Every structure is written in C-alpha cells, then in structure tokens.
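Here is how the chains run, residue by residue.
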Amino acid sequence: MPSNSTKILLLTTLVSGVLVAVSSNSWFGAWMGLEVNLMSFIPLMSNTKNMYNTEASLKYFIVQVLASATLLFMVVMKTLAEDLFTLAFMETSYTPMIICTPLMLKSGAAPFHWWFPGVMEGLSWENCGLLMTVQKAAPLMLMSYLIEINVFTSSIILTSTIMGAIGGLNQTSMRKIMTYSSINHTGWMLAALITGDNLWLTYFMIYSTLVLTVLSAIGLSKVSFINQTLLTNKEAMLTKFMMFTSLLSLGGLPPFLGFLPKWIVIQEMIVNKMTPMATIMVVTSLITLYYYLKISYSSFMILGEEPKWNIQSHKNKTAKKISAMIMSSISLTGMLMCSVMAGMI
C-alpha cells in the first residue's frame, strides 16, 4: 500500500481520469481518461506484503487492458466507416452495441462480471469502495451517450439483475455479497440510463452514499465473513445496528433511502411501457434483500446469543464512528427527508 502522500496523488489522478473521460468531446479523449484512471488505481490496489492484493491488481489490470484495447480497436475501426471521433449520433444501429460492450466489461455488468468477485475478494475495504463507486462512474457516463432501448440492452439489464441476485445467495464472504449486490445495482443503473437522462446520476449518487455507509460500518467491526457479524460483542451494538440498517437500505427496503431511486426507476419504466422487465427487476431486488436479511436477522433477534470473550477494542476510532453515524443517519432518514421536502414543494 502506498504512503499517504502517494495515496493522495494517486486519488487525485484517479478522479482526474474520470473527469477527463466524462468531459471529453471525442472517443480518443475518453479512452485516454479511462487509461489515466486505470493507471492510478493499480498502485492503490497493490501491496507487496499481501499476496492477495497483488493477485487482485494483476487480474484487474489484465481485464481492464482487454476492455480498453477492445474499445480503442472498435472506435478506430468504426472511424474508417463513419465519423466516430466525435460523440455524435451513430449512423448504424449496431455501433452503440459494439462500443458499449467493452464499457460494460469495465463496469462489471453481467455477463461480463466474471472478473469482479475474484478481484474484490483480494482488496481492502477502502479499495472495494472505490471499485464499486468511482470506477463505475466513467463507463456509465460514456454509455449514457449512446445507449438505447433494444434487445441487447434489455438482456444485459435482466442478466445483471438476475446474476446479482442469484450469485449472492450461497456466499459467506461479505466482499462477495457486496460484489453481487453491486452487479445487481449496475443492472438498475443501466435501466435508469435508458429511461431518463439524469435519472442514473441520482441513482448512482444514492448508491455510492449507501455503499460508503456500509463499508464505514464494516470497517469499524473488521468483518469479512457472515459468521463474524455474530461475534461482535455487546459494546459494539451501535456499530452492528449501523451496519445492518445500512445493508437493508442498500437492498432497497422501504422506508430507507435505498428504496427511493428504485421507486423512481420503477415508475419511469412503467411510463415507458416496460412493466414486464420492471417486474423481473423487483423480484430480483427482493432476492438481494433476502440475503441481506439473512445476515441481519439473527442479530435483530431479542434472544440472540453473543460471546463475552470476544473483546474488540474500539478506542481511537471516534472520528470513524462519527462519520459512520452521520452517513447511517442519512441512509435511515434520507427518504423521509425527501418526502417531506417534496410535500413542502
């Protein structure tokens, strides 16, 4: 892991790469931004003392290079036939499909998600947060320029939501559960892309807030597997409460904040005569909520057993606790505040 000064520099160039990609007026500039973003994230992932970090960074590098090379090849080939250096409307119907495919590989949408769980399993929680939020921003923004409602896009959305729901059912690792949840949410964001121009940005911002809330609560309790959530002692009851309520919010349980973007997407899909797809997506969302409840249910029981011998020190974590509490309170009351503001307007 790099030192703090190096980390700040890499995070700055990471965000700069995203900004270059999303603000570029040509596909070549967007490709350059994606490459700057990739080259900044690889050193953040690498750790010479941890073999799993190094393995995950190598896997991520190979997959992203494959996607970048494919994107560049597609853009150059199509430029020979039509003016594709600009982000203007494509002449042929299959051009958006072939340009979106490497971007979907970059963002980890199913069925191009095969690299995602393996990479997430070898990362620290901070890097997992970056991979699930910041690293999805540029590919999704580029896809929003040319994505349209067709059989290909619909199949990708349904595959992402179904794979994200079913893949997390038999997992015990918290990282893999968060991974498959992210794949499911990617399907919802793609659905938001085809229904409204700025709807996906709302979804992405709320999703990123909820992911950071969950990871800040998990980081306090140092949990990596489901059974470890039961081993936190009674002194850490507030941390457990924050983690489980944030997980339920991420799953989309009303009246938490996580339900709000899904509600908006469902409404827009019904308006656009996409009710069957919306129905399947709601069912898959219920499945993701099931495996979040599976983690939380035993700890919500009044007569649950907790060991007395497992003493975890939570000293010198006041700042982290305060930030986790603030984000958790936003997750819990965000939808209520939005409803009150909408009522006042």
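Residues numbered from 1 in each chain as written. Predicted model: local features only at pLDDT ≥ 70, side-chain atom pairs only at ≥ 80, totals over all residues. Heavy atoms only, no water.

Colleague: What's the story with the overall build of the chain in this structure? I'm lost.
Modeller: Broken down by element type, the chain carries 14 helices and 0 strands. In the chain, the succession of helices and strands from N to C terminus is α-α-α-α-α-α-α-α-α-α-α-α-α-α. Looking at the chain residue by residue over its 345 residues, the buried ones come to 52%. Taking the intrachain contacts of the chain between residues at least 6 apart in sequence as the baseline, contacts between residues at least 24 apart amount to 76%. Surface summary for the chain: the accessible area is close to 16,000 Å², and the carbon and sulfur share equals 71%. (Helix = DSSP H or I, 4+ residues; strand = E, 2+ residues; numbered from the N terminus. Buried < 20%, exposed > 50% of the residue type's maximum accessible area, 1.4 Å probe, protein only. Contact = heavy atoms within 4.5 Å. Areas by Shrake-Rupley, 256 points an atom, 1.4 Å probe, with all protein chains shown as cover.)

Colleague: Sorry, what's going on with unusual backbone geometry here?
Modeller: With glycine set apart, most residues show a phi of negative sign, and most peptide bonds adopt trans. In this model, Ala110 is joined to Pro111 through a cis peptide bond whose omega is 5°. Inspection of the secondary structure assignment puts Pro111 in the loop between α4 (95-107) and α5 (116-121). Here Pro254 and Pro255 are connected by a cis peptide whose omega angle stands at 5°. Looking at the secondary structure, you find Pro255 in the loop between α11 (237-251) and α12 (259-271).

Colleague: What is the right way to read helix α1 (residues 4-23) from this model?
Modeller: Because each turn of an α-helix spans 3.6 residues, side chains separated by three or four positions in sequence point in the same direction. Here α1 contains 20 residues, and its C-alpha end-to-end distance of 28 Å stays within 8% of the 28 Å for a straight helix at 1.5 Å per residue. Buried positions along α1 lie against α2 (27-45), α6 (125-132) and α7 (134-144). (Expected span 1.5 Å × (residues − 1).)

Colleague: What is the right way to read a nonpolar patch on the surface from this model?
Modeller: Judged by side-chain polarity, Met39, Leu58, Phe61, Ile62 and Val65 come together as a nonpolar surface patch covering roughly 430 Å² of accessible area. It is helix α3 (residues 51-79) that provides the largest number of residues to the nonpolar patch, a total of 4 residues. Position of Ile62 among the secondary structure elements: in helix α3. (Patch = residues over 30% accessible without salt bridge, like charges linked within 9 Å, V, L, I, M, F, W, Y side chains within 5 Å. Salt bridge = Lys/Arg side-chain N within 4 Å of Asp/Glu carboxyl O.)

Colleague: I would appreciate a short explanation of the UniProt feature "transmembrane region" (unreviewed entry) in the chain in the present structure.
Modeller: Under the UniProt annotation, the feature "transmembrane region" (unreviewed entry) is placed at residues 58-77, 84-105, 142-165, 200-220, 241-264, 276-293 and 322-344. Taken end to end, residues 241-264 is 71% helix and 0% strand, and its two terminal C-alpha atoms sit 27 Å from one another. As annotated, residues 276-293 comprises 100% helix and 0% strand, and the C-alpha atoms at either end are separated by 26 Å. (UniProt positions renumbered as here; feature names shortened; annotations may be inferred.)

Colleague: Explain the pattern of salt bridges to me, please; I cannot follow it from the model alone.
Modeller: Opposite charge on two side chains permits pairing when their charged atoms draw close. Within this structure, the stated rule accounts for 1 salt bridge. As a salt-bridge pair, Glu55 and Lys59 come within 3.4 Å of each other at their nearest N and O atoms. Residue Glu55 and its partner Lys59 are located together in helix α3, separated by 4 residues, close to a single helical turn. Judged by relative accessible area, Glu55 falls into the partly exposed class, the value being 38%. Judged by its relative accessible area of 35%, Lys59 is partly exposed.

Colleague: Please explain the packing of aromatic side chains as it appears in this structure.
Modeller: How two aromatic rings sit relative to each other is given by the distance of their centres and the angle of their planes. Using the criterion set out here, one finds 7 aromatic pairs in the structure. Taking the centre distance of 5.4 Å and the plane angle of 80° together, the rings of Phe41 and Tyr60 count as edge-to-face. With Phe41 in helix α2 and Tyr60 in helix α3, the pair connects residues that are 19 residues apart, well separated along the chain. With a relative accessible area of 0%, Phe41 lands in the buried category. Of the residues examined, Tyr60 reaches a relative accessible area of 1% and is grouped as buried. Every member of this aromatic cluster is reached through a ring pair, and the members are Phe41, Tyr60, Trp115 and Phe116. It is Arg175 that lies over the ring of Trp125; its NZ or CZ is 4.4 Å from the centre. (Phe/Tyr/Trp six-rings, centres within 6.5 Å; stacked < 30°, edge-to-face > 60°. Lys NZ or Arg CZ within 6 Å of the ring centre and 35° of its normal.)

Colleague: Hey, could you run me through the environment of Gly164 in this one?
Modeller: Positionally, Gly164 belongs in helix α8 (residues 151-167). If we ignore the near neighbours within four places in the chain, the residues touching Gly164 are Tyr180, Ser181, Ile183, Asn184, Thr288 and Tyr291.

Colleague: I keep staring at α8 and nothing clicks. Help me out?
Modeller: With 17 residues, α8 ought to run about 24 Å at 1.5 Å a step, and its terminal C-alpha atoms sit 23 Å apart, in line with that. The distance from a side-chain oxygen at the start of α8 to the backbone nitrogen of Phe152 is 3.3 Å, and the residue carrying that oxygen is Asn150. (Polar contact = N/O pair within 3.5 Å; in protein donor to acceptor, adjacent residues only side chain to side chain.)

Colleague: How do you make sense of the packing of α3 against α4 when you look at a structure like this?
Modeller: To describe two helices that pack against each other, one gives the angle between their axes and the distance between the axes. Orientation of α3 relative to α4, taken along the N-to-C sense of each, is 165°, at an axis distance of 8 Å. Here α3 lies roughly antiparallel to α4, going by the angle between them. Two packed elements cross with a definite hand, and for α3 against α4 that hand is left-handed. Residue-level inspection shows Val63, Gln64, Leu66, Ala67, Ser68, Thr70, Leu71, Met74, Val75 and Lys78 of α3 in contact with α4, the latter providing Thr95, Ile98, Ile99, Pro102, Leu103, Leu105 and Lys106. Considered class by class, the residues forming the contact of α3 with α4 number 11 nonpolar, 4 polar and 2 charged. (Axes fitted to C-alpha atoms, helices over the stretch in contact; angles between N-to-C directions. Parallel < 35°, antiparallel > 145°, perpendicular 65-115°, else oblique. Left-handed = near helix turned anticlockwise from the far one by under 90°. Nonpolar A, V, L, I, M, F, W, Y, C, P; charged D, E, K, R; others polar.)

Colleague: Explain the environment of Thr172 here, please?
Modeller: With respect to the helices, strands and loops of the structure, Thr172 is situated in the loop between α8 and α9 (174-195). Counting along the chain gives 123 residues from Thr172 to Ile295, while the straight-line C-alpha distance between them is 9.3 Å. Once residues lying within four places of it in the same chain are set aside, the contact partners of Thr172 are Ser224, Phe225 and Ile226.

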